[in-house]
Each structure stands twice: as structure tokens, then as C-alpha cells.
Amino acid sequence: MSGSLRRGSYSNAVLETLRDKFTGRAELTIGDLAPIPPYNQDFEGDRRPPPVKALLAAIADADGLVLCAPEFNHSIPGVLKNALDWASRPAFTSVMAYKPVAIMATSRGPLGGARCLEHMRVALDSMLARVTLAREVTITSSADKIRDGRLVDEVSLGFACAAIEALLREIRLWRRADGAQ
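Q: How do you make sense of the packing of helix H2 (residues 50–61) against helix H3 (residues 78–87) when you look at a structure like this?
A: What describes two packed helices is the angle between their axes and the distance between those same axes. The contact between H2 and H3 brings their axes to 10 Å, and the two run at 75°. Here H3 runs roughly perpendicular to H2, going by the angle between their axes. Contacts between H2 and H3 pair Val-52, Leu-55, Leu-56 and Ile-59 from the former with Ala-83, Trp-86 and Ala-87 from the latter.

Q: I'm lost on H3 in this one. Help?
A: What sets the pattern is the α-helix's 3.6 residues per turn: residues three or four places apart point alike. Along H3, the positions that sit buried rather than exposed are Leu-80, Asn-82, Ala-83, Leu-84, Trp-86 and Ala-87. On the buried face of H3, the contacting elements are H2, strand E1 (65–70) and helix H4 (114–126).

Q: Could you clarify how one ought to interpret the side chain of Ser-107 in this entry?
A: Tracing the sequence through the fold places Ser-107 in the loop between strand E2 (100–106) and H4. Take Ser-107: its relative accessible area is 11%, and that puts it in the buried class. From its side chain, Ser-107 meets the backbone nitrogen of Gly-109 in a polar contact 3.1 Å long.

Q: Can you help me understand unusual backbone geometry in this one?
A: In most cases, non-glycine residues show a negative phi, while peptide bonds are predominantly trans. Of note, the bond from Arg-89 into Pro-90 is cis; its omega dihedral lies within 30 degrees of zero at -5°. The topology assignment puts Pro-90 in the loop between H3 and E2. One non-glycine residue, Tyr-98, adopts positive backbone phi at about 70°. Within the element layout of this structure, Tyr-98 appears in the loop between H3 and E2.

The rules behind each value
Residues numbered from 1 in each chain as written. Predicted model: local features only at pLDDT ≥ 70, side-chain atom pairs only at ≥ 80, totals over all residues. Heavy atoms only, no water. Axes fitted to C-alpha atoms, helices over the stretch in contact; angles between N-to-C directions. Helix = DSSP H or I, 4+ residues; strand = E, 2+ residues; numbered from the N terminus. Parallel < 35°, antiparallel > 145°, perpendicular 65-115°, else oblique. Contact = heavy atoms within 4.5 Å. Buried < 20%, exposed > 50% of the residue type's maximum accessible area, 1.4 Å probe, protein only. Polar contact = N/O pair within 3.5 Å; in protein donor to acceptor, adjacent residues only side chain to side chain.

Pasting the structure below:
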């Protein structure tokens, strides 16, 4: 999931680049968060809006998630936080519980992204998601590292690919553990 709705967003470019890089090894589907309405507890359970039901079904069917978001005001963009709020319900048994997740952040500036990652980690921990152990992926000065809708900076791409490799490794480990029981 991308934390940006903007056409030509850097976060979308990172996810599209990773989808291309891992073709044949993993299917990365980029979810559209634009139709997700603001979270409203009055519409939980069977009363969830159809776009929310579709989002939750997609998360439930996924072996893992990749979240990539720009840092907005030193935090998570509202559109991604909103989607996570919907996905976190019901508490402790949601589709996010024990779901492996790789997290990444983009920033136009030379220092941004770290606070977005930290806030993502806090939110994901609270819903019992498993943030994949990998080096932090903060793609700073994103405008200089993305061309024609693709991440072209080799160092940043290396970090992002390593996070996906770690996510795939964790998914395999959990599959083996589930099979042993």
C-alpha cells in the first residue's frame, strides 16, 4: 500500500519498481486507498463500506504487506493511517494480526522518512502486525532518485530490495512453522 494518492508519487514509483524487480518471485499488487472512506466505528463489522471490505479481503489474502509512504508533518500520511485504522479492527484479531509487513518511507528532503517509519512501526505493533526485520528504508531526496516513474538510485533500490527479501524470508519461515504444527 502506498501512503500517497498523488499521480506520479514517489512512494508509488518505489512500489512499482519493486513489483517489476520481483516479477516471477512475488506478486506485488498495489492497493488503491482513494476509495477508502474515513474510519467510522459506527460502520464496523457487517456494516463496513464495500471498498473497506475489499481492502480487508485483499489484506487477508496477502502473505505479507509492503507499506511505502511519504513523511507528512513528521508522521504517517492520513490516507495510510486511515486504511490501517480500518484494517486494525477488531482489535487483536484483525487481518493485520501477525501479518508480516515491510515498511519504507520516501521524502523530498534530505533527512525525512525516519519519523514516518517510526510512527508506522508503532501503529503496526499496536495491531500485532510483524514488522519485518530489515535495515530501514528511507528514500531521501526522492525527486532525484526517481525517473520515469521508477526508482533508479542503486543504493536506495538495494535497501528496498533487501527489505522485500527479508519479507519473503519471513513469509517462508512462518509457512514452515505453520506446517510443523
